[in-house]
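Here is what each chain is made of, one letter per residue.
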Amino acid sequence: MKIYKYILLALLVINLWSCKDETKKEVAETEESEAETNKEEEELPGLSIYNLPTKWTTQDGKEIELKDLKGDVLVMVMIYTSCQASCPRLVADMRNIHKKVSDKANKETKYVFVSIDPEVDTPERLKAFAKENQMESNEYLFLRGTKEDTREFAAVLAVSYKSISPMDFSHSNIISVFDKQGVMKYQKEGLGEDDSETIKTIQELAN
């Protein structure tokens, strides 16, 4: 009987140690995972737009942060959907760039349109605009944010804009290219300008 009790006691001790080892292993794995996550965040370059804590809403109504786009080359422009002057030409420039970039590079590239008129440009309006301009594939992304976040982001892109009427804005016409870490690598200003350098930059960053 005593021997039986000793065996049970031994099994209990072994089980307890086994549980402790498993717990230690789980804690270690959790700490390692957290350390890797923190390391990735710390490794972002200081000039990366992924350091911005702003939140945005996509044309599909999904809320994202800029850091959610990490890993893709970004080609970004600021427009507003009710624009009848320069914005249609900027959209055409973006479409032409997309067509000239290789299919392989486009799989690692996002063409991002940021609205400077978030009050009018609701997710529904942005989605309709994407459809109107045949930009419904996964490579195209339309974003709207708060007025404050939009103004802050415009400053990062060196885009200036101001309201000149309830439905009209004066704004810069700049296309910006960011690498996969969110650092700006190239900008093209103007409408209908030579886009060969823009395309070259995208191709190089996507490879």
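Quantities reported herein were computed from a predicted structural model and do not represent experimental measurements.

Draft legend 1. Representation of the pairing of strand S1 (residues 55–58) in the model. Here three bridges tie S1 to strand S2 (residues 63–65), and the two strands are oriented antiparallel to one another. Across the sheet, threonine 57 pairs through a bridge with glutamate 63, a residue of S2. Turn length for the S1-S2 hairpin, with the two strands adjacent in sequence and antiparallel, is four residues, and the turn residue glycine 61 shows positive phi of about 80°.

Draft legend 2. Just helix H5 (residues 147–156), in detail. Every buried residue belonging to H5 is among Asp149, Thr150, Phe153 and Ala154, and all of these are buried. The buried residues of H5 occupy one face: seen down the axis, they fall within an arc of 135°. What points out from H5, more than 90 degrees from its buried face, is the exposed set Lys147, Glu148 and Ala155. Turning to H5, the residues buried within the fold contact S1, strand S3 (73–79), strand S4 (109–115) and strand S6 (161–165).

Draft legend 3. The side chain of threonine 201, seen in detail. Mapped onto the fold, threonine 201 is located in helix H6 (residues 196–206). Looking at threonine 201, the relative accessible area reads 9%, which means it is buried. Not counting residues up to four positions away in its chain, the partners in contact with threonine 201 are Val177, Lys185 and Tyr186.

Draft legend 4. Representation of the sheet that holds strand S8 (residues 174–178). Pairing is mixed across the open sheet formed by seven strands, whose spatial order is S2-S1-S5-S4-S3-S8-S9. Each edge of the open sheet is held by one strand with a lone partner, namely S2 and strand S9 (184–189). Neighbouring strand axes in the sheet, compared pairwise and without regard to direction, differ in orientation by 30° on average. In the sheet, S3 pairs with S4 via seven bridges, with the strands oriented parallel. Bridging from a neighbouring strand, valine 75 pairs with tyrosine 111 of S4. Helix H4 (residues 123–132) contacts S1, S3 and strand S5 (140–144) of the sheet and is inclined by roughly 150° relative to S5.

Draft legend 5. Main features of the pattern of salt bridges. Applying the stated rule across the entire model yields 10 salt bridges. The salt bridge partner of lysine 127 is aspartate 60, with a shortest N-O separation of 2.6 Å. Of this pair, lysine 127 sits in helix H4 while aspartate 60 sits in the loop between S1 and S2, placing them 67 residues apart in sequence. A residue is classified by how much of its surface remains accessible, and aspartate 60, at 54% relative accessible area, is exposed. With a shortest N-O distance of 3.1 Å, arginine 125 and glutamate 132 are connected by a salt bridge. For arginine 125, a relative accessible area of 26% corresponds to the partly exposed category. Via salt bridges that share partners, Lys55, Glu65 and Lys67 belong to a single interconnected network.

Draft legend 6. A look at the side chain of threonine 81. You can see threonine 81 is positioned in the loop between S3 and helix H2 (87–100). Under the relative-accessibility criterion, threonine 81 is labelled buried at 6%. A distance of 2.3 Å separates polar atoms of two side chains, one belonging to threonine 81 and the other to aspartate 121. For threonine 81, the side chain forms a polar contact with the side chain of arginine 125, separated by 3.3 Å. Those residues in contact with threonine 81 that sit more than four places away from it in its chain are Asp121, Arg125, Leu126 and Phe129.

Draft legend 7. Highlighting the confidence of the model for the chain. Mean pLDDT for the chain: 85, with 79% of residues reaching 70 or above. Ranking the helices and strands of the chain by mean pLDDT puts S5 first, with 98, and helix H1 (residues 2–42) last, with 51. In the model, residues 8–13 has pLDDT below 50 throughout and makes zero contacts with residues more than four positions away in sequence or in other chains.

Draft legend 8. Just unusual backbone geometry, in detail. With phi around 55°, glutamine 134 is a residue other than glycine that occupies positive phi space. For glutamine 134, the location among the structural elements is in the loop between H4 and S5. At alanine 158, a residue that is not glycine, the phi angle is positive and equals roughly 60°. Tracing the backbone through its elements, the reader meets alanine 158 in the loop between H5 and S6.

Rules used throughout
Here the residue numbering is sequential within each chain, running from 1 through the sequence in written order. With the structure being a predicted model, the display of local features is reserved for residues of pLDDT at least 70 and the display and counting of side-chain atom pairs for 80 or more, all residues being used for whole-chain, interface and lining totals. The basis for every side-chain value is the complete set of heavy atoms in the structure, and neither hydrogens nor water enter the calculation. Only strands that DSSP links by at least two bridges are regarded as paired with each other. What counts as a helix is a DSSP run of H or I of at least four residues, what counts as a strand is a run of E of at least two, and both are numbered from the N terminus. Summary of the burial criterion: residues with accessible area below 20% of their type's maximum are buried, those above 50% are exposed, and those between are partly exposed, where the area comes from a 1.4 Å probe applied to protein chains only. In this description, the arc belongs to the directions extending from the helix axis to the C-beta atoms. Contacts are residue-level and defined by heavy atoms, with any inter-residue pair within 4.5 Å sufficient. In this analysis an axis means a line fitted to C-alpha atoms, helices contributing only their contacting stretch, and an angle means the value between N-to-C directions, from 0 to 180 degrees. By definition, a salt bridge exists where a carboxyl oxygen of Asp or Glu is found within 4 Å of a side-chain nitrogen of Lys or Arg. Whenever two N or O atoms come within 3.5 Å, that pair is a polar contact, provided that in protein one can donate a hydrogen and the other can accept it, and provided that, for residues adjacent in sequence, both atoms are side-chain atoms. The quantity known as pLDDT measures the predictor's confidence residue by residue, on a range of 0 to 100.

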